[in-house]
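Descriptive structure summary
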Amino acid sequence: MAITISADNVDCARVAEGLDVEGLESLTADLEIAPWLDGLEVKGVLHARATRTCGVSLEAFEEIVDEHVVLHFVPAGSPNAAPPPQGDVELDLEADDPPDSVAGDAVELASFLAEQLALALQPFPRKPGVEFQPPTMAGSMSPFSALARLKSASAEDE
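The text that follows walks through the structure, step by step, so that each part is easy to find. Remember, predicted model here, so these are calculated numbers, not experimental data. (Residues numbered from 1 in each chain as written. Predicted model: local features only at pLDDT ≥ 70, side-chain atom pairs only at ≥ 80, totals over all residues. Heavy atoms only, no water.)

The next subject is the nonpolar core. Leu 24, Leu 27, Leu 31, Val 42, Leu 46, Phe 73 and Leu 117 are the most contacted members of the largest nonpolar core, which has 25 residues in total. For this core, the secondary-structure elements that each account for two or more residues are α1 (9–19), β2 (23–36), β3 (39–53), β4 (60–75) and α2 (109–120). By residue number, the principal contributor to this core is α2, which donates 6 residues. Ignoring any residue separated from it by four or fewer positions in sequence, one finds Leu 117 in contact with Val 15, Leu 19, Leu 24, Leu 27, Leu 46, Ala 48 and Val 65. (Core = buried A, V, L, I, M, F, W, Y, C linked by side-chain atoms within 4.5 Å. Buried < 20%, exposed > 50% of the residue type's maximum accessible area, 1.4 Å probe, protein only. Helix = DSSP H or I, 4+ residues; strand = E, 2+ residues; numbered from the N terminus. Contact = heavy atoms within 4.5 Å.)

Here's what the structure looks like:
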């Protein structure tokens, strides 16, 4: 079954606030839903257009997200659900995520799509073309020169 989910302006504003981004102009997902084990698989593409603030220049810019998503859901208590963690947990970063357990007969995809958007957004937003230029410090202004002065002052006191 193919579906398209589109967030309206109110939902976009709510998601933008939850993700702490300046604005979310659009959020849609083109998804295919199919049976998977004793649950279902949702896969497709998440599209979003967000306004972000550059961490270098502090200028607003538009970040476009086109993220492929694959989500698996199984009923609560399913033998295919991930076992609860016990003791030390070892993560295999290359392995697929375990399926999400859901109670009832329906899956609220909006919250899962908002989570996927949060993972797709750049954690340190930078406007395209902007590069960080470290400040130039005169030799007498560097932290090491301050330490050298302290060291020489303590040597004179001895």
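What follows is about α2. Over its 12 residues, α2 extends 16 Å from the first C-alpha to the last, a length consistent with the 16 Å expected when each residue adds 1.5 Å. Residues of α2 that are buried: Leu 109, Phe 112, Leu 113, Ala 114, Gln 116, Leu 117 and Ala 120. Contacts from the buried residues of α2 go to β1 (2–6), α1, β2, β3, β4 and β5 (100–102). (Expected span 1.5 Å × (residues − 1).)

Mapped onto the elements of the fold, Gln 122 is located in the loop between α2 and α3 (143–157). Counting along the chain gives 12 residues from Gln 122 to Ala 110, while the straight-line C-alpha distance between them is 20 Å. In contact with Gln 122, not counting residues within four places along its chain, are Arg 52 and Glu 63.

Remark: the empty space left among the atoms is shown by a probe the size of a water molecule rolled over them. Here the largest pocket defines a volume of roughly 370 Å³. Val 70, Leu 71, Asp 97, Pro 98 and Gln 116 are, among the 15 residues lining the largest pocket, the residues nearest its centre. Of all the secondary structure elements, the ones that give two or more residues to the lining of the largest pocket are β4 and α2. The biggest single contributor to the lining of the largest pocket is β4, with 6 residues. (1 Å grid on protein atoms, 1.4 Å probe; cavity = no way out; pocket = protein on both sides within 12 Å on 5 of 7 lines; lining within 4 Å. Points joined across faces, edges and corners; volume = space filled by probe spheres on them.)

When charged atoms on two side chains of opposite charge get close, those side chains can pair. Inspection of every chain in the model, using the stated rule, returns 5 salt bridges. Salt-bridge contacts for Arg 14 lead to Asp 11; the nearest nitrogen and oxygen are separated by 3.2 Å. Linking Arg 14 with Asp 11, this pair stays in helix α1, spanning 3 residues, or about one helical turn. Residue classification places Asp 11 among the partly exposed positions, given a relative accessible area of 30%. With its nearest N and O atoms 4.0 Å apart, the salt bridge here joins Glu 41 to Lys 43. Judged by its relative accessible area of 41%, Lys 43 is partly exposed. (Salt bridge = Lys/Arg side-chain N within 4 Å of Asp/Glu carboxyl O.)

Next up on the list: the sheet that holds β3. The pairing of strands in a sheet happens through backbone hydrogen bonds and is either parallel or antiparallel. A sheet is described by the order of its strands in space; here 5 strands give the open sequence β1-β2-β3-β4-β5, paired in mixed fashion. Each having just a single partner strand, β1 and β5 make up the two edges of the open sheet. Adjacent strand axes in the sheet meet at a mean angle of 30°, parallel and antiparallel pairs treated alike. For β2 and β3, the ladder comprises 13 bridges, and the chain directions are antiparallel. When the sheet's bridge partners are listed, Pro 35 is paired in β3 with Leu 40. Each of β1, β2, β3, β4 and β5 touches α2; the most contacted strand, β4, lies at about 130° to it. (Pairing = 2+ DSSP bridges. Axes fitted to C-alpha atoms, helices over the stretch in contact; angles between N-to-C directions.)

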